[in-house]
Amino acid sequence: MPISKILIANRGEIACRVMRTAKKMGIATVAVYSDADARAPHVLMADEAVHIGPPPAAQSYLIADKIIAACKQTGADAVHPGYGFLSERESFRKALDEAGIIFVGPPANAIAAMGDKIESKKLAKEAGVNVVPGYVGVIEDTEHAVKISNEIGYPVMMKASAGGGGKGMRLAYSEQDVREGFEATKREGLASFGDDRVFIEKFIESPRHIEIQVLGDQHGNIVYLNERECSIQRRHQKVVEEAPSPFVSPEMRKKMGEQCVALARAVGYFSAGTVELIVSGADKTGDGFYFLEMNTRLQVEHPVTEQITGVDLVEQMIRVANGEKLSFTQDDVKINGWSIENRVYAEDPYRGFLPSTGRLIRYNPPEVGDGVRVDDGVAEGGEVSMFYDPMIAKLITYAPTRLEAIDKQIAALDSFEIEGLGHNIDFVSAIMQHERFRSGNITTGFIAEEYPDGFHGAPASEELLRRLAAISAFAAMAQSDRARRIDGQLGKRLRPPSDWAVRIGGADHIVSINGDDVLVDNAPLDMSLEYTPGDRIIDAEFGEEALSVRIAPTRTGFKLTTRGASHVARVLPAHVAPYAAHMIEKLPPDLSKYLICPMPGLLVSLNVGEGDKVEAGQPLAVIEAMKMENILRAEKAGVVKAVNARAGESLAVDSIILELE
């Protein structure tokens, strides 16, 4: 019996993604939801919905019994687990098997084998997959260490077995380095951890994170659907993914793909799965790739593979679960064009990427079509809560070449409107514009290396600032034109000024607008745009180039956001501007005596009370948001004058927790 009703044991964008394909296939859908998701888009999209408990995932989405009860209640004959939650739990698959419900995913033994880090490495080695060469046994002395290192191939990393935090580690590029460093590594291990055992493994230079998508049916047919490059990560969390990889040659793709298929075959794998590899960017032979782990589920970044292969992975998973054979072979899998995905997260890159929860006061994604795809599970007015993953949406672009796909991302990000909470749109736009990213010379260290002091907005060229100055002047002219048309004003109607002084990016520009002619600092600018006061986005054209700018009025001008940064423009009529120098400068208040909550969250603990002395850098409080704890420290020394919050309270962003005198 083919699947007739499918329950999606997930939420957010992936639940909506599975439902879209199920509906296309004529399969009825069932959503499950917690209290926090009662009005979420995935609930409204499904044919039926079942409530499964309170907001914390451990009391709702992670309880297998509740999912099975919901299946029985609605008559769902299959479950798609999405990713996260129960998707890689062997016990969940077994429980569904016992209940006679089809699991849209791999068999239980494959989930178990690949879920064990040590076991999976052994299996990979036996299946002929490259694993990072290393020696874990007891190393007797320096000569033994040299022999092992020569066999592994340089560079190698010597690590204290009990090491951690960067201690007891030595990098060796030659035999001499091993001779000089082995005993020292042993001594460091003994001194720091009371254990002098050392192991040696190959050091991967310029590491890249590349993964292979595999797909198998229940009849022994397995194919690989090329690779995805996922090297742009922050704290091991992927931010940007693309397919294909700018690093992988056709020969390397074939080697990687065939090894990953062999691994899938070794565990009797079927359905969609991904083999993650660490790849040496310094090794140009095409053999420098090594098994990391296998994810026995659909990946977050699956859309980029769909875009370049034309294969709907969710549809294939459902067909395989139905017992159907794959309708294509390895020879049918092609690479058509290039696709890039940016994950739009609810986190504030300008405040150290702190999680940002709250209501989406405005949510207006870019127009879909012409190579732009948006996978989301949120709606305007909805809430990004502290209980789940901070992903708002996935923006996917597709084009014939890599640079065209990147440029499509920049343009789409410029027209992506999100208000009400912090988001990383500027940050991913900055990555798309970064010369190193555009060159394809990327490693897993990219973000740490290129943004060592955090993110402060993408740098703007002189030309961009001139264009923004012209847009600001045009918007100011439109506003003053509207103001002069208000009825009942004394005197005759004055024409709006045509010369404007615009201060932006620390520089002053004189913009003259006369009909269609625009001059910036006496140089002509070819600009065409439409703007009515109140518009939130301006689509301007400068010759052949298009530019979308988000615009919001300020007291003395506009805030303009585009190309990965916001710019505040002060706009004054040219004859008024000279008087601005006589205005008294308003100094911002000194906030260093306050401990301010940097994000909405739960005050887990408060370590000081009224009258306590504190030193600069001392931990004062712990705030929990989106499953992460953040320690707040004192900016300066002082005495606690007043405490405004108690442990266990939910605090809003910028709430004052305590005051120092």
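See the structure shown above.
Residues numbered from 1 in each chain as written. Predicted model: local features only at pLDDT ≥ 70, side-chain atom pairs only at ≥ 80, totals over all residues. Heavy atoms only, no water.

In this section: the sheet that holds strand β36 (residues 628-633). Either a parallel or an antiparallel arrangement is found when strands of a sheet pair, and the pairing is made through backbone hydrogen bonds. In spatial order, the strands read β36-β35-β33-β38; together these 4 strands make up an open sheet with antiparallel pairing. For this open sheet the edge positions go to β36 and β38 (650-651), each flanked by a neighbour on one side alone. Sheet analysis places strand β33 (residues 601-606) next to β38, joined by 2 bridges and oriented antiparallel. Within β38, the position partnered with Leu-602 by the bridge is Ser-650. (Pairing = 2+ DSSP bridges. Helix = DSSP H or I, 4+ residues; strand = E, 2+ residues; numbered from the N terminus.)

Structurally, Ser-271 can be placed in strand β13 (residues 271-280). If sequence neighbours within four positions are ignored, Ser-271 has contacts with Val-104, Gly-105, Pro-106, Val-214, Leu-215, Gly-216, Met-317 and Val-320. (Contact = heavy atoms within 4.5 Å.)

Helix-helix packing is described using two parameters, namely the angle between the two axes and the distance between the axes. Look at helix α12 (residues 402-414) against helix α13 (residues 425-433): their axes get within 9 Å of each other, and the N-to-C directions meet at 155 degrees. It follows that α12 is roughly antiparallel to α13 by the angle criterion. As for how α12 packs across α13, the hand of that crossing is left-handed. Between α12 and α13, the residues in contact are Ile-406, Gln-409, Ile-410 and Leu-413 and Ile-425, Val-428, Ser-429, Met-432 and Gln-433, respectively. Here the contact of α12 with α13 is built from residues that sort into 6 nonpolar, 3 polar and no charged. (Axes fitted to C-alpha atoms, helices over the stretch in contact; angles between N-to-C directions. Parallel < 35°, antiparallel > 145°, perpendicular 65-115°, else oblique. Left-handed = near helix turned anticlockwise from the far one by under 90°. Nonpolar A, V, L, I, M, F, W, Y, C, P; charged D, E, K, R; others polar.)

Turning next to the environment of Lys-394. Turning to its location among the elements, Lys-394 is positioned in strand β22 (residues 391-399). Classification of Lys-394 as buried rests on a relative accessible area of 0%. C-alpha of Lys-394 to C-alpha of Gly-128: the two residues are 266 residues apart in sequence and 35 Å apart in space. Apart from the residues within four sequence positions on either side, Lys-394 is in contact with Glu-13, Tyr-83, Val-300, His-302, Pro-303, Glu-341, Asn-342, Arg-373, Val-374 and Asp-375. Of the polar contacts made by the side chain of Lys-394, one reaches the side chain of Glu-13; its length is 3.1 Å. (Buried < 20%, exposed > 50% of the residue type's maximum accessible area, 1.4 Å probe, protein only. Polar contact = N/O pair within 3.5 Å; in protein donor to acceptor, adjacent residues only side chain to side chain.)

So, about the side chain of Ser-245. Structurally, the position occupied by Ser-245 is in the loop between β12 (237-243) and α9 (250-266). Overall, Ser-245 belongs to the buried group, its relative accessible area being 3%. Of note is the side chain of Ser-245, whose polar atom sits 3.0 Å from the backbone nitrogen of Phe-247. Not counting residues within four places of it along the chain, the set of residues in contact with Ser-245 comprises Ile-210, Glu-227, Glu-229 and Trp-338.

Counting across every chain of the model gives 10 aromatic pairs. Arranged with centres 4.9 Å apart and planes meeting at 75 degrees, the rings of Phe-353 and Phe-427 form a pair that is edge-to-face. Residue Phe-353 is found in the loop between β16 (347-348) and β17 (354-355), and its partner Phe-427 is found in helix α13; the two are separated by 74 residues along the sequence. Residue class for Phe-353 comes out buried when judged on its relative accessible area of 12%. When the centroid spacing of 5.2 Å and the interplanar angle of 75 degrees are considered together, the rings of Phe-427 and Phe-455 count as edge-to-face. Of this pair, Phe-427 sits in helix α13 while Phe-455 sits in the loop between α15 (446-450) and α16 (462-484); the two residues are 28 residues apart in sequence, bridging distant segments of the chain. An aromatic cluster is defined as three or more aromatic residues linked by ring pairs; in this entry it consists of Tyr-350, Phe-353, Phe-427, Tyr-451 and Phe-455. Sitting above the plane of the Phe-437 ring, Arg-402 keeps its charged end 4.8 Å from the centroid. (Phe/Tyr/Trp six-rings, centres within 6.5 Å; stacked < 30°, edge-to-face > 60°. Lys NZ or Arg CZ within 6 Å of the ring centre and 35° of its normal.)

A surface patch of negative charge is lined by Glu-140, Asp-141, Glu-183 and Asp-196. When you line up the elements, Asp-196 lands in the loop between α8 (175-193) and β9 (198-202). (Patch = residues over 30% accessible without salt bridge, like charges linked within 9 Å, V, L, I, M, F, W, Y side chains within 5 Å. Areas by Shrake-Rupley, 256 points an atom, 1.4 Å probe, with all protein chains shown as cover. Salt bridge = Lys/Arg side-chain N within 4 Å of Asp/Glu carboxyl O. Lys, Arg positive; Asp, Glu negative; His and termini not counted. Charge placed at Lys NZ, Arg CZ, Asp CG, Glu CD.)

This next bit is on the nonpolar core. Among the nonpolar cores identified, the biggest contains 39 residues, and Ile-232, Tyr-363, Ile-392, Ile-418, Ile-431, Met-432 and Phe-437 are the most heavily contacted of them. Secondary structure elements with two or more residues in this core: β12, β15 (338-345), β20 (372-376), β22, α12, α13 and α15. For this core, the element with the most residues is α13, which contributes 6 residues. Beyond its immediate sequence surroundings of up to four residues, Phe-437 is in contact with Ile-232, Val-240, Glu-242, Arg-402, Ile-406, Ile-431, Met-432, Ile-442 and Phe-446. (Core = buried A, V, L, I, M, F, W, Y, C linked by side-chain atoms within 4.5 Å.)

With that out of the way, let us pick up the packing of helix α3 (residues 64-74) against helix α4 (residues 90-99). Interaxial distance between α3 and α4 falls to 10 Å at its minimum, and their mutual angle equals 30 degrees. Judged by the angle between their axes, α3 and α4 are roughly parallel. Seen along the crossing, α3 lies across α4 with a hand that is right-handed. In contact with Ala-64, Ile-67, Ile-68 and Lys-72 of α3, α4 contributes Phe-92, Ala-95, Leu-96 and Ala-99. Classifying every residue of the contact of α3 with α4 by side-chain character gives 7 nonpolar, no polar and 1 charged.

Moving on, we come to the pattern of salt bridges. Enumeration according to the criterion identifies 49 salt bridges in this entry. As a salt-bridge pair, Asp-312 and Arg-17 come within 2.9 Å of each other at their nearest N and O atoms. Separated by 295 residues along the polypeptide, Asp-312 in the loop between α10 (302-309) and α11 (313-321) and Arg-17 in helix α1 (residues 12-24) bring together distant segments of the chain. Looking at Asp-312, the relative accessible area reads 14%, which means it is buried.

Further remarks concern the sheet that holds strand β2 (residues 28-34). Strand order in the open sheet made by the 5 strands is β3-β2-β1-β4-β5, with parallel pairing throughout. Since the sheet does not close on itself, it has two edges, and those belong to β3 (48-53) and β5 (102-103), each with one partner. The pairing of strand β4 (residues 78-80) with β5 spans 2 bridges and is parallel. From the neighbouring strand, Ala-78 faces β5, where its bridge partner is Ile-102.

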